[in-house]
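Read off the chains here:
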Amino acid sequence: MNRNTKITVFASIAILILGMAFFPKIKQLFISGNQKDEPIQRTAPAGNSRSALMVNATVLKPQTLNNMFSITGVLLPDEEVNLTFESSGKITDIYFEEGSFVQKGKLLAKVNDAPLQAELKKLEAQLPLAQDRLYRQQTLLEKDAISQETYQSIATQLETLKADIELVKARIRQTELRAPFDGMIGLRQVSEGAYASPSVVVTSLTKISPLKIEFSLNQNILSKIKPGSQISFKVANDLSEYHATVYAIESRLDVKTLSLFARARYPNTDGKIKPGQSADVRINLNQIDNAIVIPGISTVKEMGRDITYLYDNGKAREVEIIIGMRTPSSVEVISGLNMGDTLLTTGVMQLRGGMPVQISQMVENSTD
């Protein structure tokens, strides 16, 4: 490196060091210069007055509070069965329409019974002769022309013939598929000409009037539910509320879930509700009259206390309350509030004791 190059390098380093040393002062001078050119903005001091918070309120009145137990249940048919023949054979006739209502005893289908019918005719043809023979033997017995043993043998032959006839009739009945109860026929699973056996399902039959509602109970409410208790339920996509009566409860708790199943019965006379749907079941465990009930959103938890706010001459007054029964939207107040108090129902999270408030709307307090 020659002498001129060294001088240039050392000079650049010196300038860099000086620039770094004086940069803060230069920057401060630059900022101060800019601030002189800008107008000075001043903020007015905040006043001591506070604007009133707009809230809704309600006047507390005595209400009836129902202690409800809610659970999801399932709708079951009163009766349901897969229909099959008792005997085997070729299906000769099908008499039902899919999805139709049938009454108990209606003939639904039949398998070939021609051999049995022929056998029945043969036996029935022998019956008059056997009866006439017994009549003649009885006449001879009265005249002591035959022995009692001979007469008894002829009588036994007649009874055997009658028993054979009844047996064939019973076997013929086994070739008939009849509805065991009133109900709705399901979809057909076989066709005429198919070979049926006791393992072949022809169709299903479902009794949907009445319906059963099955639901589980925990051990905490077992003493409050018994046969005859009333329940209400709703099903999906239906705003109506239906009522049913508990008719059976299991005898012991499940050791794993500590619950047991109960069933209620709903008439379903119009067949509107179908089995297999889920149901939102509600059971009224007990009723409290003249209760103080407030919306759940009007209370707040603070340092282990339940507090709410009352309207008091344009200001919010903090009140500590003791809560009793809870519902999905309301709470019962056991202590801390009185009938006729004006309760603030909105803005609770923003409220503080003594804060100015203005009521924008008076609302009706209800447990619904």
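What comes next is a walk through the structure. (Residues numbered from 1 in each chain as written. Predicted model: local features only at pLDDT ≥ 70, side-chain atom pairs only at ≥ 80, totals over all residues. Heavy atoms only, no water.)

## Let's talk about the overall build of the chain
The number of helices and strands found in the chain is 3 helices and 20 strands. Taking the intrachain contacts of the chain between residues at least 6 apart in sequence as the baseline, contacts between residues at least 24 apart amount to 75%. Total accessible area computed for the chain in this model is approximately 23,700 Å², and 52% of it derives from carbon and sulfur atoms. (Helix = DSSP H or I, 4+ residues; strand = E, 2+ residues; numbered from the N terminus. Contact = heavy atoms within 4.5 Å. Areas by Shrake-Rupley, 256 points an atom, 1.4 Å probe, with all protein chains shown as cover.)

## Let's talk about the pairing of strand 9 (residues 203–218)
With 9 bridges connecting them, strand 2 (residues 63–83) and strand 9 associate as antiparallel partners. Residue pairing across strands places L83 opposite T203, the latter belonging to strand 9. Inspection of the sheet shows strand 7 (residues 183–185) paired to strand 9 by 2 bridges, in the antiparallel sense. The residue of strand 9 that forms the bridge with M184 is T206. Examined bridge by bridge, strand 9 and strand 12 (residues 259–266) share 8 bridges and lie antiparallel to one another. Looking across to strand 12, one finds that F215 is bridged to A262. (Pairing = 2+ DSSP bridges.)

## Points about the pattern of salt bridges
Under the counting rule described, the total for this entry stands at 13 salt bridges. A salt bridge links K110 to D113, with the nearest nitrogen and oxygen atoms 3.0 Å apart. Between R305 and E318 there is a salt bridge, with its nearest N and O atoms 3.0 Å apart. With R305 in strand 16 (residues 305–312) and E318 in strand 17 (residues 315–326), the pair connects residues that are 13 residues apart, well separated along the chain. According to the relative accessible area criterion, E318 is partly exposed, its value standing at 33%. Taken together, the shared-partner salt bridges connect K110, D113, E176 and R178 into one network. (Salt bridge = Lys/Arg side-chain N within 4 Å of Asp/Glu carboxyl O. Buried < 20%, exposed > 50% of the residue type's maximum accessible area, 1.4 Å probe, protein only.)

## Structural notes on helix 2 (residues 114–142)
Between its first and last C-alpha, helix 2 extends 43 Å over 29 residues, near the 42 Å set by a 1.5 Å rise per residue. The largest bend along helix 2 reaches roughly 25° and is located at L127, with the proline P128 sitting one to four residues downstream. Along helix 2, the residues that are buried comprise L116, L120, L123, L127, A130, L134, Q137 and L141. Close packing links the buried residues of helix 2 with helix 3 (148–173). (Expected span 1.5 Å × (residues − 1). Bend = angle between axes of the 7 residues up to and from the residue.)

## What to know about the side chain of N56
In this structure, N56 sits in strand 1 (residues 53–59). Under the relative-accessibility criterion, N56 is labelled buried at 17%. With residues near it in sequence (within four places) discarded, N56 still touches L343, L344, T345, T346, S360, Q361 and V363.

## What about the packing of helix 2 against helix 3?
Pairs of packed helices are described in terms of their axes, by the angle between the two and the distance that separates them. Their axes nearest at 9 Å, the elements helix 2 and helix 3 cross at an angle of 160°. Classed by the angle they form, the pair helix 2 and helix 3 counts as roughly antiparallel. The chirality of how helix 2 crosses helix 3 is left-handed. (Axes fitted to C-alpha atoms, helices over the stretch in contact; angles between N-to-C directions. Parallel < 35°, antiparallel > 145°, perpendicular 65-115°, else oblique. Left-handed = near helix turned anticlockwise from the far one by under 90°.)

## Considerations on the nonpolar core
Membership of the largest hydrophobic core comes to 24 residues, with the highest contact counts inside it found for F215, L217, F233 and I283. In terms of residue count, the dominant contributor to this core is strand 9 (5 residues). Excluding anything up to four places from it in sequence, F215 contacts I71, G73, I231, V246, L260, F261, A262, A264, V281 and I283. (Core = buried A, V, L, I, M, F, W, Y, C linked by side-chain atoms within 4.5 Å.)

## Examining the pairing of strand 13 (residues 278–291)
Sheet analysis places strand 2 next to strand 13, joined by 11 bridges and oriented antiparallel. Residue V74 lies in a different strand from strand 13, and its bridge partner there is S278.

## A short note on the sheet that holds strand 5 (residues 107–111)
Backbone hydrogen bonds hold the strands of a sheet together, and the pairing may be parallel or antiparallel. Read from one edge to the other, the open sheet built from 4 strands follows the order 6-5-3-8, with strand pairing classed as antiparallel. The open sheet is flanked by strand 6 (176–178) and strand 8 (195–196), the only strands paired with a single partner. Of the pairings in the sheet, the one linking strand 3 (residues 89–94) to strand 8 comprises 2 bridges and is antiparallel in character. When the bridges of strand 8 are listed, G89 appears paired with A196.

## Observations concerning unusual backbone geometry
Leaving glycine aside, a negative phi is the common case for residues, and trans is the common case for peptide bonds. Following S209, the chain continues into P210 via a peptide bond in cis, with omega recorded as 5°. Relative to the elements of secondary structure, P210 occurs in strand 9. The residue N290 is not glycine, and still its phi comes out positive at about 55°. Along the polypeptide, N290 turns up in strand 13. For N313, which is not glycine, the phi torsion reads 55° and is therefore positive. Tracing the backbone shows N313 in the loop between strand 16 and strand 17.

## Observations regarding the environment of V74
When you line up the elements, V74 lands in strand 2. Spatially, the C-alpha atoms of V74 and G276 are 6.5 Å apart, while their sequence positions differ by 202 residues. Setting aside chain neighbours within four positions, we find V74 in contact with K212, I213, E214, G276, Q277 and S278.

## Things to note about the environment of L53
Here L53 is to be found in strand 1. Residues contacting L53, with those up to four places away along its chain left out, are G347, Q350, L351, M355, P356, V357 and Q358.

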